[in-house]
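# Fold and geometry: a report
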Amino acid sequence: MHRDGICRVTNRLYTKSIEFGDINYQLAQNEDKTTAFNYWCDFYNYFDPSISLQVSCISQKARIAEMEAAIRIDERNDEFDEIRREYDGVLKEQMAKGNNGRIRKKYITFGVEAANLKEAKPTLERIETEILGNLKAMGSAGRPLKGWERLKLLYEILNEETQEPFRFRYDMLHQSGLSTRDFIAPSSFDFRSSRYFRMGQTMGAVSYLQILAPELSDKMLTEFLEMDNSIVVSLHVQSIDQAKAIKLIKSKITDLDKMKIEEQKKAVRSGYDMDVLPSDLATYGDDAKKFLEELQSRNERMFLVTVLVMNTAGSKKKLDNILFQASGIAQKYNCALKRLDFQQEQGLMSSLPLGLNQIEIQRALTTSATAIFIPFTTEELFQTGQALYYGINAISNNLIMADRKQLKNPNGLILGTPGSGKSFAAKREMTNAFLITDDDIIICDPEGEYSALVELLHGQVIHISPNSKQYVNPLDINLNYSEDESPISLKADFVLSLCELIVGSKTGLEPVEKTIVDRCVRLIYQRYLENPSPENMPIMQDLYESILAQEEPEAKRIATALEIYVSGSLNVFNHRTNVDINNRLVCFDIRELGKQLKKIGMLVVQDQVWNRVTVNRAEHKSTRYYMDEFHLLLKDEQTAAYSVEIWKRFRKWGGVPTAVTQNVKDLLASREIENIFENSDFVLMLNQAGGDRQILAKQLNISPHQLSFVTNSNEGEGLLFYGNTIIPFKDSFPKDTKLYQIMTTKPNEVNENGGIVHDE
């Protein structure tokens, strides 16, 4: 096995392997399924007789240590380690509850015959490029395996019982004098039995699939892989030259016609009707003619296919049960699993993803009959690094771990009807992010739902209300506010939005009024620009007085509209900021602002967030911003336009905004707002109302089967859109944890003081 992944299997056969990802085949609409199937047919048609091809689908027990390492939340020796331990325990529990530690992977191994490595390499690289292109066209991510990765894969198949990690480096070969085979070999092999084999402590048996069904199903391979034990399904596919294939079929038809004539002669001699023929002869004759027609008139080729199924277990008794189950699946689809008597060693070697077939039991199939063994089921999403937990895949039961910051556009939406688990999903994500990343987290909380969680994590809760003594100054400015234009110009844009909201006429501010506001904004920041100290930061009073001092009659109208917010009963925003808005976790609680002020409050919070994003950008730090009840911001043209602007601008500056809303119709109310939907690569969709379901199905091209996961679904169940990946998920977060008690918003579980109601 060479470092670049090329393996010399025999003296003349050189092979390479590609790992490929899943696509949403099971959940797709029928036309999408047909498209995927046609692509898979094109994939097979690419191979000519000089290329040997093996498709391997492997379901094996994950090495627990590796899986736990991937989801582990490391302690940081701070006051939150107890919560980290609890969250870490929850993830381990969810993993154990889910797929029982099974991982399913798929590989394409292809090989060519050549005199030496130098001759084989360019051909293999050309084939690799073509295969990766074909996979990409289907939406499946493929990647070639390096030599170390191929050896690790072989090691894991051959050493199933050990939890020892694969320890190998290429420089070890020179030091030890061993070959790559020595590093992957199990402790022993035993092929003395005719129907079983043993490798190390593992018992195994290899069977071949006898295809008896006139029509095959695309579900058979999926069912084999869903068995709750280790299994390797290998398809060895050898293309036959088209001219040779046609010639072969024609000679078979000739043979059958000859037999038919012989039977007719016999019938005449015996004195019975010459049209009475043996049923097999008639059936095979029709099948052969149909086969020929497909080869000649459709885009079909002929392949010789060997399907091998290798089952392994810790004991013979367990293995027999598994074999019985596998045989049942084959019978269900009118096929049979036949044991390879006295060929177990050859069967094992042919099941390894090395591209060598030592079993000479082949079945001639057309392209579409070969492609029906479609290896795709549902996409998986399990990333490592700073990946967060989003539940369990509802189809495969695997953990869903994803890092939104790896998306081209990490902006996100959490959608769902009341009671579907929106706020809980948002809290779970922000808690997870707080525990494992260094990101800042800011929450705009119009319903007062997040205070308990923020206080648990020692964050700053800022209560903004007419009666509160906590103040945030809407005119706070950060001099790094914009990179393209002056910070004052961008701040003026925000103040104009604020004034339009305050003046409240249908047309907003007139051009003259906009000019006045813009002029005054530049005047009031003059002192701060010269000497940027906190006492020089302007407040609403300064803006009011500056506008009032202008000569135009329109200035009086604006100033009068502003008066209630400066010296009247709604003067909550006419103060300098007196709270710590630099805490890593900040929650702006605007529940008590009332209808008049709530939209202004949300706009002010957005501007504060933009200030933080610009500061964090210089420090190369991400800022996560959560907006609950987001539909409130979309009802006014000014706040909607400002929100869309933030949505577009955030990504460049390291911001990760998340909108939580139940009203999908508001998201699509105008072309402008629709940009929010189009600029969000992350959508967590929970139970949806009937009207919204239809809008979303059209907008996101969701199949009826996928739609069923957001139709009358339970809380914490739905669909996750991550870039082009769509995954149905479920999350039953353990209720006996401190975290659940802090995150839940169910009325029957929360008492009036925000605490938890415990059953006696």
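Residues numbered from 1 in each chain as written. Predicted model: local features only at pLDDT ≥ 70, side-chain atom pairs only at ≥ 80, totals over all residues. Heavy atoms only, no water.

Here we take up the sheet that holds strand S23 (residues 725–730). Read from one edge to the other, the open sheet built from 11 strands follows the order S14-S13-S23-S22-S21-S15-S20-S19-S16-S18-S17, with strand pairing classed as mixed. Because the sheet does not close on itself, it has two edges, and the strands there are strand S14 (399–402) and strand S17 (460–463). Looking at each pair of strands side by side, their axes are set apart by 20 degrees on average, direction ignored. Both strand S13 (residues 388–393) and S14 contribute to a ladder of 3 bridges, which runs antiparallel. The residue of S14 that forms the bridge with Leu388 is Ala402. Its contacts with the sheet put helix H14 (residues 422–436) on S13, strand S15 (412–415), strand S16 (440–445), strand S18 (585–589), strand S19 (623–627), strand S20 (655–661) and strand S21 (682–685), and the angle it makes with S13 is roughly 130 degrees. (Pairing = 2+ DSSP bridges. Helix = DSSP H or I, 4+ residues; strand = E, 2+ residues; numbered from the N terminus. Axes fitted to C-alpha atoms, helices over the stretch in contact; angles between N-to-C directions. Contact = heavy atoms within 4.5 Å.)

Another aspect to go through is the pairing of strand S9 (residues 231–240). The element S9 is extensively covered by neighbouring structure, given that 9 of its 10 residues are classed as buried. Pairing between strand S3 (residues 51–61) and S9: 8 bridges, direction antiparallel. The partner of Ser59 across the bridge, within S9, is Ile231. (Buried < 20%, exposed > 50% of the residue type's maximum accessible area, 1.4 Å probe, protein only.)

On to the pattern of salt bridges, then. For the structure shown, the criterion picks out 30 salt bridges. The residue Arg428 makes a salt bridge to Asp731 at a minimum N-O spacing of 2.6 Å. Of this pair, Arg428 sits in helix H14 while Asp731 sits in the loop between S23 and helix H28 (738–743), placing them 303 residues apart in sequence. For Arg428, a relative accessible area of 2% translates into the label buried. On the basis of relative accessible area, Asp731 is assigned to the buried category, the value being 9%. A salt bridge links Asp518 to Arg522; the nearest nitrogen and oxygen atoms lie 3.1 Å apart. Of this pair, Asp518 and Arg522 both sit in helix H17 (residues 511–524), 4 residues apart, which is roughly one turn of that helix. Residue Asp518 is classed as partly exposed on the basis of its relative accessible area of 24%. Residue classification places Arg522 among the partly exposed positions, given a relative accessible area of 33%. Several salt bridges converge on common partners, so that one network encompasses Glu19, Arg143 and Glu149. (Salt bridge = Lys/Arg side-chain N within 4 Å of Asp/Glu carboxyl O.)

On to the nonpolar core. Counting 86 residues, the largest nonpolar core has Leu543 and Ile547 as its most contacted members. Considering every element that reaches this core, the biggest residue donor is helix H16 (residues 487–503), with 11 residues. Ignoring sequence-local partners within four residues, the contact set of Ile547 consists of Ile516, Val517, Cys520, Ala555, Ile558, Ala559 and Leu562. With 64 residues, the next largest nonpolar core counts Ile51, Cys57, Ile322 and Phe376 among its residues. (Core = buried A, V, L, I, M, F, W, Y, C linked by side-chain atoms within 4.5 Å.)

Let's shift gears to the packing of aromatic side chains. Evaluated as defined, the whole model comprises 25 aromatic pairs. With centroids separated by 5.5 Å and ring planes inclined at 50 degrees, the aromatic side chains of Phe424 and Tyr740 adopt a geometry described as tilted. A residue pair is termed long-range when its members are at least 10 positions apart, and Phe424 in helix H14 and Tyr740 in helix H28 qualify at 316 residues. Accessibility assignment for this pair places Phe424 and Tyr740 in one class, buried. Members of the aromatic cluster, joined through ring pairs, are Phe20, Trp40, Phe43, Tyr44, Tyr46, Phe47, Phe303 and Phe376. (Phe/Tyr/Trp six-rings, centres within 6.5 Å; stacked < 30°, edge-to-face > 60°.)

Along S21, one buried face is formed by Phe682 and Leu684 and the opposite face, lined by Val683 and Met685, is buried too. Where S15 lies against S21, 4 bridges are found, and the strand directions are parallel. Its bridge partner being in S21, Leu413 is matched across the sheet by Val683.

The next point concerns the side chain of Gln706. Structurally, the position occupied by Gln706 is in helix H27 (residues 704–707). By relative accessible area, Gln706 is classed as buried at 4%. When sequence neighbours within four positions are dropped, the list of residues in contact with Gln706 reads Asn24, Leu27, Asn701, Leu719 and Ile726.

Before going further, it helps to spend a moment on the environment of Ile157. Assignment of secondary structure puts Ile157 in helix H5 (residues 147–158). According to the relative accessible area criterion, Ile157 is buried, its value standing at 5%. Taking the C-alpha atoms as reference points, Ile157 and Arg169, separated by 12 residues in sequence, lie 19 Å from one another.

In this model, H14 (15 residues) spans 22 Å end to end at C-alpha, consistent with the 21 Å of a helix rising 1.5 Å per residue. Of all 15 residues in H14, 15 are buried; the element is thus mostly enclosed. (Expected span 1.5 Å × (residues − 1).)

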